Amino acid sequence: MVNEELFSTYHNKKRVVLATLHNPSGMRVQVTNYGAKIVSLYAPDKEGAMADVVLGFNTFEEWRDKETYFNAIIGRYANRIKDGRFSIDGKEYQLTLNNGTNALHGGVVGFNERVWDIVGQTAYSISMHLKAADGEEHYPGNMDVYVTYTLTRENALLITYEAKTDQPTIVGFTNHAYFNLEGEGSGTVHNHVLQVFADEYTPFDDTACPTGEILPVDGTPMDFREPTRIGDRIDDPFFAPGRGIDNNFVLHANPEKKRRLAAIVAAGGRTMEVRTTMPGLQVYTGNWVEKNVGKSGREYDVQTAVCLEAQNFPNSPNCPNFPSPVLRPGEIYFEQTEYKFV
């Protein structure tokens, strides 16, 4: 178990803390305000046995210096933006490039490396606030961002995102949780069975940035509409053999913006349902995880986790046929994603 005292430190003159959420059935989640990250998530299997099902580390310094995206809130814009460029109302913006020729996950210092302010907490929920200044990583607009983690009686971790801006800007948040339902440090996710409720996907170019096309999954390795063992698909030449899956699925239309079932993953006697209001789901199998020792003392490597990142489509600012990521003054950004253990 992570030592809470080790998180009683300061980063950029702001205090870093660790909060623990409980529900009546014994499920437990630890969250830190550094990057608004999920530090641990203890979920039951079908016999009621608990295991920590997210990768992570034991000390603040490891969270800061090793895998900086582990279980973090990603922003101002998750995933890739082609050439780091976009325009709003005819005005062009050039973002910081931090992934080859593209901008990735909010830039060099994204929300995942900021210390958030805790603005509310109960035994089962915590709310955090971040002020994103106009011009940070060259994004326009002063933006107030709120994230709330709620652990429900139904063994679901609900993430609620809210934001407002004083200038037109682009918004695309996600949580980058690295799941292994057999327990963190248990090896690869090859035996995980995945189902994604998507009929289409967004193909990408040689920089892993979507081209703007939307294609059917039918007849391709992207077809996870039926439960599929990840190990049977992960090294298909369609993906990145030896690395894995890192692709965006187009979820079914959701005009009422209700949380609807996006994916189911099962392993180790645990089944997790993913529900979201967002239009896309990135499935990522830890393709670039370094050989790092995690919380259990065991090594993490490529393909030892699966991320199910509900999101706006990557490169949406440059693809008019994708759902618009533009947020304007007077509007409220509101999205939710739920990870439920059944």
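What you see is a predicted model; the values in this text were computed from it and never measured. Residue numbers here run from 1 along each chain, matching the order of that chain's written sequence. Per-residue local features are limited, in this predicted model, to residues with pLDDT of at least 70; the limit for side-chain atom pairs, both in listing and counting, is 80 or more; totals at the level of whole chains, interfaces and linings are taken over all residues. Processing note: side-chain calculations cover all non-hydrogen atoms of the structure and skip hydrogens and water entirely.

A. Highlighting the pairing of strand E10 (residues 91–94). Where strand E9 (residues 85–88) and E10 come together, four bridges link them in antiparallel fashion. Bridging from a neighbouring strand, Phe-86 pairs with Tyr-93 of E10. Strand pairing requires that DSSP identify at least two bridges connecting the strands. Secondary structure elements are taken from DSSP: a helix is a run of H or I of four residues or more, a strand is a run of E of two residues or more, and numbering for both begins at the N terminus. In this structure, the hairpin formed by E9 and E10 is closed by a connection of two residues, where Asp-89 is found at a positive phi of approximately 55°.

B. Representation of the side chain of Thr-277 in the model. With respect to the helices, strands and loops of the structure, Thr-277 is situated in the loop between strand E24 (270–276) and strand E25 (280–284). Pairing of N or O atoms within 3.5 Å defines a polar contact, subject to two protein rules: one partner must be a possible hydrogen donor and the other a possible acceptor, and residues neighboring in sequence count only if both atoms are side-chain atoms. Separated by 2.4 Å, the side chains of Thr-277 and Glu-335 make a polar contact.

C. Molecular detail of the sheet that holds E25. Read from one edge of the open sheet, five strands run E20-E19-E22-E25-E28, paired in antiparallel fashion. Since the sheet does not close on itself, it has two edges, and those belong to strand E20 (215–216) and strand E28 (307–311), each with one partner. Sheet topology places strand E19 (residues 198–201) next to strand E22 (residues 246–251); three bridges connect them, and they run antiparallel. Each bridged residue has a counterpart across the sheet, and for Ala-198 the counterpart in E22 is Leu-251.

D. Examining the sheet that holds strand E18 (residues 193–196) more closely. With antiparallel pairing, nine strands are arranged side by side in an open sheet as E12-E13-E14-E15-E30-E24-E23-E18-E21. One side of each edge strand has no neighbouring strand; the edge strands of this open sheet are strand E12 (117–121) and strand E21 (228–229). Two strands pair when backbone bridges link them, and E18 and strand E23 (residues 260–267) are joined in this way by four bridges, in the antiparallel orientation. When the sheet's bridge partners are listed, Val-193 is paired in E23 with Ala-266.

E. Focus on the environment of Pro-237. Assignment of secondary structure puts Pro-237 in the loop between E21 and E22. Each residue gets one of three labels from its accessible area relative to the maximum for its type: buried under 20%, exposed over 50%, partly exposed in between, using a 1.4 Å probe on protein chains only. For Pro-237, a relative accessible area of 69% corresponds to the exposed category. Note: C-alpha distance between Pro-237 and His-192 (45 residues apart in sequence) is 20 Å.

F. Molecular detail of the pairing of strand E3 (residues 18–22). Summarising burial for E3: four of the five residues are buried, a large majority. Of the strand pairs in this sheet, E3 and strand E4 (residues 28–32) are connected by five bridges, and their pairing is antiparallel. What sits directly across from Leu-18, in E4, is Thr-32. Hairpin connection between E3 and E4: a loop of five residues separates the two successive antiparallel strands, and Gly-26 in this loop has a positive phi of roughly 100°.

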